[in-house]
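Inside the fold
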Amino acid sequence: MSTENLPQSPEQPPRKPRVAVVFGGRSSEHGISVVTAGAVLRAIDRTKYDVLPIGITRDGRWALTADEPDRMAIVDRRQPDVEQLAESSEGGVILPVDPANREVVYSEPGSVPKALGEVDVVFPVLHGPYGEDGTLQGLLELSGVPYVGAGVLASAVGQDKEYMKRVFTSFGLSVGPYVVIRPREWERDESAARKKIIDFAGEHGWPLFIKPARAGSSIGITKVDSLEGLDEAIEEAQRHDPKIIVEALLRGREIECGVLEFEDGPRASVPAEIPPVQSHAYYDFEAKYIDSTPGLVPAPLTPEQTAEVQRLAVDAFEAASCEGLVRADFFLTEDGEFVINEINTMPGFTPISMYPKMWEASGVAYPELVDRLIGAALRRPTGLR
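The following paragraphs examine the structure supplied in this document. What you see is a predicted model, and the numbers here were worked out from it, not measured in a lab. (Residues numbered from 1 in each chain as written. Predicted model: local features only at pLDDT ≥ 70, side-chain atom pairs only at ≥ 80, totals over all residues. Heavy atoms only, no water.)

Scanning the model with the defined rule gives 3 cavities of 30 Å³ or more in all. Taken as a whole, the second largest cavity spans an internal volume of roughly 60 Å³. Forming the boundary of the second largest cavity are Pro124, Leu126, Gly131, Glu132, Gln137, Val148, Gly149, Ala150, Ser155, Thr345 and Met346. Along the lines of polarity and charge, the residues of the lining of the second largest cavity split into 5 nonpolar, 5 polar and 1 charged. (1 Å grid on protein atoms, 1.4 Å probe; cavity = no way out; pocket = protein on both sides within 12 Å on 5 of 7 lines; lining within 4 Å. Points joined across faces, edges and corners; volume = space filled by probe spheres on them. Nonpolar A, V, L, I, M, F, W, Y, C, P; charged D, E, K, R; others polar.)

What follows covers the sheet that holds strand E5 (residues 103-107). Taken in spatial order, the 3 strands make up an open sheet running E4-E5-E6, and their pairing is antiparallel. The sheet is open, and its two edges are formed by strand E4 (92-94) and strand E6 (114-118), each paired on a single side. Averaged over all adjacent pairs, the angle separating strand axes in this sheet is 25°, with direction ignored. (Pairing = 2+ DSSP bridges. Helix = DSSP H or I, 4+ residues; strand = E, 2+ residues; numbered from the N terminus. Axes fitted to C-alpha atoms, helices over the stretch in contact; angles between N-to-C directions.)

What follows deals with the pattern of salt bridges. Across all of its chains, the model carries 34 salt bridges by this definition. Residue glutamate 68 is joined to arginine 71 by a salt bridge in which the shortest nitrogen-to-oxygen separation is 3.0 Å. Owing to a relative accessible area of 36%, glutamate 68 belongs among the partly exposed residues under this scheme. Note on arginine 71: relative accessible area 39%, which makes it partly exposed. Of the charged contacts in the structure, one is a salt bridge between aspartate 241 and arginine 214, with a shortest N-O distance of 2.7 Å. Taken as a pair, aspartate 241 in the loop between helix H8 (230-238) and strand E11 (244-248) and arginine 214 in the loop between strand E9 (208-212) and strand E10 (222-224) lie far apart in primary sequence, 27 residues in all. (Salt bridge = Lys/Arg side-chain N within 4 Å of Asp/Glu carboxyl O. Buried < 20%, exposed > 50% of the residue type's maximum accessible area, 1.4 Å probe, protein only.)

Okay, unusual backbone geometry next. The phi torsion of most residues other than glycine is negative, and most of the peptide bonds are trans. Here tryptophan 206 and proline 207 are connected by a cis peptide whose omega angle stands at 0°. Structurally, the position occupied by proline 207 is in the loop between helix H7 (190-204) and E9. Here the residue pair valine 297 and proline 298 is connected by a cis peptide bond, since its omega of -5° sits within 30 degrees of zero. Residue position: proline 298 is located in the loop between helix H9 (285-290) and helix H10 (303-319). Despite not being glycine, aspartate 76 shows a phi value in the positive range, around 55°. One can find aspartate 76 in the loop between strand E3 (62-64) and helix H2 (82-85). Residue classification places aspartate 76 among the exposed positions, given a relative accessible area of 60%. Within the chain, tyrosine 130 stands out as a residue other than glycine whose phi angle is a positive 65°. Structurally, the position occupied by tyrosine 130 is in the loop between strand E7 (121-124) and helix H3 (135-143). On the accessibility criterion, tyrosine 130 (44% relative accessible area) is partly exposed.

Moving on, we get to the sheet that holds E3. Ordered in space as E3-E2-E1-E7, the 4 strands form an open sheet in which the pairing is mixed. Lying at the two open borders of the sheet, with one neighbouring strand each, are E3 and E7. Taking the axes of each pair of neighbouring strands and ignoring which way they run, one obtains an average angle of 30° across the sheet. Taken together, the 3 bridges between strand E2 (residues 50-56) and E3 define a ladder with antiparallel strand orientation. When the sheet's bridge partners are listed, isoleucine 56 is paired in E3 with tryptophan 62. Here helix H1 (residues 30-43) sits on the sheet and contacts strand E1 (18-24), E2 and E7; the angle it forms with E1, its principal contact strand, is near 155°. (Contact = heavy atoms within 4.5 Å.)

If you walk through the whole model with that rule in mind, you get 0 disulfides. Left without a disulfide partner, cysteine 257 is nearest to the cysteine sulfur of cysteine 322, which lies 13 Å away. Accessibility expressed as a relative area gives 0% for cysteine 257, which makes it buried. Among the residues examined, cysteine 322 registers a relative accessible area of 7% and is labelled buried. (Disulfide = S-S within 2.5 Å.)

Let us now look at H10. With 17 residues, H10 extends 24 Å between its outermost C-alpha atoms, agreeing within 8% with the 24 Å of an ideal straight helix rising 1.5 Å per residue. Three or more residues of H10 are buried, namely Thr306, Val309, Leu312, Ala313, Val314, Ala316, Phe317 and Ala319. Elements in contact with the buried residues of H10: helix H5 (161-170), strand E12 (252-262), strand E13 (265-268), strand E15 (325-333) and strand E16 (338-344). In the segment just after H10, serine 321 is the residue with positive phi, at about 60°. (Expected span 1.5 Å × (residues − 1).)

It is worth spelling out the pairing of E7 at this point. A two-sided burial pattern is seen for E7, the buried positions comprising Val121 and Phe123 on one face and Val122 and Pro124 on the other. The pairing of E1 with E7 spans 4 bridges and is classified as parallel. Counterpart to valine 22 in the pairing with E7 is proline 124.

With that settled, the discussion passes to the packing of helix H4 (residues 152-159) against H5. Orientation of H4 relative to H5, taken along the N-to-C sense of each, is 110°, at an axis distance of 5 Å. Considered as vectors, H4 and H5 are oriented roughly perpendicular to each other. On the side of H4, the interface is formed by Val157, Gly158 and Gln159, while H5 contributes Lys161, Tyr163, Met164 and Val167. (Parallel < 35°, antiparallel > 145°, perpendicular 65-115°, else oblique.)

The next point concerns helix H11 (residues 354-361). Buried within H11 are the following residues: Met354, Tyr355, Pro356, Met358 and Trp359. Turning to H11, the residues buried within the fold contact E12, E13, strand E14 (272-274), E15 and helix H12 (366-379). Downstream of H11 by a residue or two, glycine 363 has a phi angle that is positive, lying close to 100°.

Note that every value here comes from positions in space, so none of it alone points to a role or purpose.
Following this line, the structure appears as structure tokens:
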């Protein structure tokens with residue numbers, strides 16, 4: 001029997017890749033992560049990708065959230081929260097742990113679990129521990145799901161300021177003086193641990209910066225000008241991380257540079273300069289995110305200095321085995337040397353963040369930047385590489 005005159009089934013259009021934007025999290029940077037997610041959701045090309053927003057609450061629940069970027073902003077100096085965006089106060093999103101199955105499931109108590117479809121790539125915009133530090137990246141590796149940004153090792157190195165500096169030193173990059181106090185040191189002999197910091201101040205002078213060793217967004221950092229404020233600064237840092245790092249003041253200009261993975265490898269953006277903030281002791285959380293202190297883009301550097309900091313930023317990216325993106329932060333000291341302070345493997349993507357501003361000045365607009373990051377993640381396999 002001929003099938004020539006039978007109606008033909010129309011071909012199904014190819015499915016668009018689905019991007020799960022994961023944000024929020026259990027760290028003290030929860031609110032900034034939500035703000036970053038709003039900017040990323042607004043920028044993703046919906047003609048190329050389907051999008052699934054997934055928020056992680058402060059207590060670790062994975063929630064299905066509204067795709068409403070306008071609700072993910074700082075309003076009246078208040079940061080947004082995943083709980084405000086969650087479609088349910090009890091429902092949870094479950095990622096697959098079988099590499100052969102990328103289907104995400106949503107479950108609520110007393111209801112039949114609902115399949116949300118397959119996820120092709122995850123865009124994790126979590127900042128700080130339990131997300132930016134390799135923990136989420138490890139879960140995604142087990143699940144066989146590609147993701148934007150650094151892998152497990154680079155994420156962990158980029159989160160821990162001590163081991164980051166150790167890696168940089170081993171690759172010949174200059175770092176400033178620092179000392180680390182681990183939790184066991186504090187528990188074993190608090191007076192000896194405190195003396196370690198005082199001896200460091202005696203060698204390098206005041207002021208000192210007391211920081212959580214594994215936090216970002218300048219949260220928990222205190223600039224201490226004398227012995228009088230030391231105990232309070234230590235307590236503040238330990239509220240965010242039991243391991244603290246103490247850094248000496250480096251006198252010079254603060255210079256930042258973005259690195260982005262292109263098809264032919266990582267490239268550096270034009271650098272930016274963070275000028276001194278008159279109303280703040282240093283470039284702290286309030287200056288970055290609340291008062292929106294502007295940076296200078298591009299930084300007023302000589303062509304030779306620009307080329308040097310771009311080379312060092314890519315060197316730092318390679319030293320830590322990074323992928324996707326990095327913001328590298330430097331001090332240009334009074335004697336003309338670039339000293340690397342840290343890298344951020346998932347820098348802020350808020351509308352006022354320096355990373356997208358540097359790339360915009362380099363000719364890569366925000367939507368293209370997001371598209372390139374997703375494309376780089378889709379090109380990479382999971383597992384050892």
